[in-house]
Amino acid sequence: MSVFVEPKSIATFVSEGGATTSSSSSSRSSVAPSSIPRSSVAPSSVPRSSVAPSSTPRSSVASSVIRSSSSSSVANGNANASCSYVVTNDWGSGYTAAIRIKNNGTSAINNWNVSWSYSDGTRISNSWNATLSGSNPYSATGLSWNSSIQPGQTAEFGFQGIKNNGAAQIPAVTGSVCK
């Protein structure tokens, strides 16, 4: 097997006296494979993951059934929205949840606003992808990038809550798009 150097390559050589000379080649030259520098790292010394190849990434959260509630309404003219409250993770003293607003209509839903409340002392400690206000009842409005929901599209925002032990409550979602 040979390795070929492209035509018109220029090589610089240093002679024994220290003078340099250049040569230009217009034809291919071949180099024997044994003269190609090889890595000094043995294949067995390459760092390997401590995870066995057959293992797959797993969530640190135990698998569970996602629980939800939903409601539908006609809002903003002929826009038909369905809203759902989904518990995405639940542990002893807390949980995460999302509210999904799906536009089932034929025109855009603009500047949506939804509300919900808890009857068991649950409170929200953090939220994302919406502006959240209130402290039971809670209210959420879309941000500049998700306040308009086109037909067939869904806007979703999430939050983390603090609760007493037991299952996270799933309240009804109400508001201008979900009644």
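Computed from a predicted structure; not experimentally measured. (Residues numbered from 1 in each chain as written. Predicted model: local features only at pLDDT ≥ 70, side-chain atom pairs only at ≥ 80, totals over all residues. Heavy atoms only, no water.)

(A) Molecular detail of the overall build of the protein. Along the protein, the regular secondary structure elements total zero helices and 15 strands. Burial statistics for the protein: of 179 residues in total, 26% are counted as buried. Summarising the internal contacts of the protein: among those between residues at least 6 apart in sequence, 62% fall at separations of at least 24. A total of about 11500 Å² of accessible surface is found on the protein, and carbon and sulfur atoms cover 52% of it. (Helix = DSSP H or I, 4+ residues; strand = E, 2+ residues; numbered from the N terminus. Buried < 20%, exposed > 50% of the residue type's maximum accessible area, 1.4 Å probe, protein only. Contact = heavy atoms within 4.5 Å. Areas by Shrake-Rupley, 256 points an atom, 1.4 Å probe, with all protein chains shown as cover.)

(B) Molecular detail of the environment of Ile 124. Mapped onto the secondary structure, Ile 124 falls in strand S10 (residues 123-128). Sequence-wise, Ile 124 and Asn 136 are twelve residues apart; in three dimensions their C-alpha atoms are separated by 8.9 Å. Not counting residues up to four positions away in its chain, the partners in contact with Ile 124 are Tyr 95, Trp 116, Tyr 118, Leu 132, Tyr 138, Phe 159, Gln 160 and Gly 161.

(C) Seen up close, the pattern of salt bridges. This model, assessed by the stated rule, comprises two salt bridges. Across the pair Lys 163 and Asp 90 runs a salt bridge whose closest N-O atoms are separated by 3.2 Å. In this pair, Lys 163 is assigned in the loop between strand S14 (154-162) and strand S15 (174-175) and Asp 90 in strand S6 (residues 79-91), connecting sequence segments 73 residues apart. You can call Lys 163 buried: its relative accessible area is 7%. The partly exposed category is assigned to Asp 90, whose relative accessible area is 31%. The salt bridge partner of Arg 100 is Glu 156, with a shortest N-O separation of 2.4 Å. Taken together, the residues span a long stretch of sequence, with Arg 100 in strand S7 (residues 94-103) and Glu 156 in strand S14 at a distance of 56 residues. The exposure class assigned to Arg 100 is partly exposed, which follows from its relative accessible area of 30%. Classification of Glu 156 by relative accessible area gives partly exposed; the value is 37%. (Salt bridge = Lys/Arg side-chain N within 4 Å of Asp/Glu carboxyl O.)

None of this, on its own, says anything about what the molecule does.
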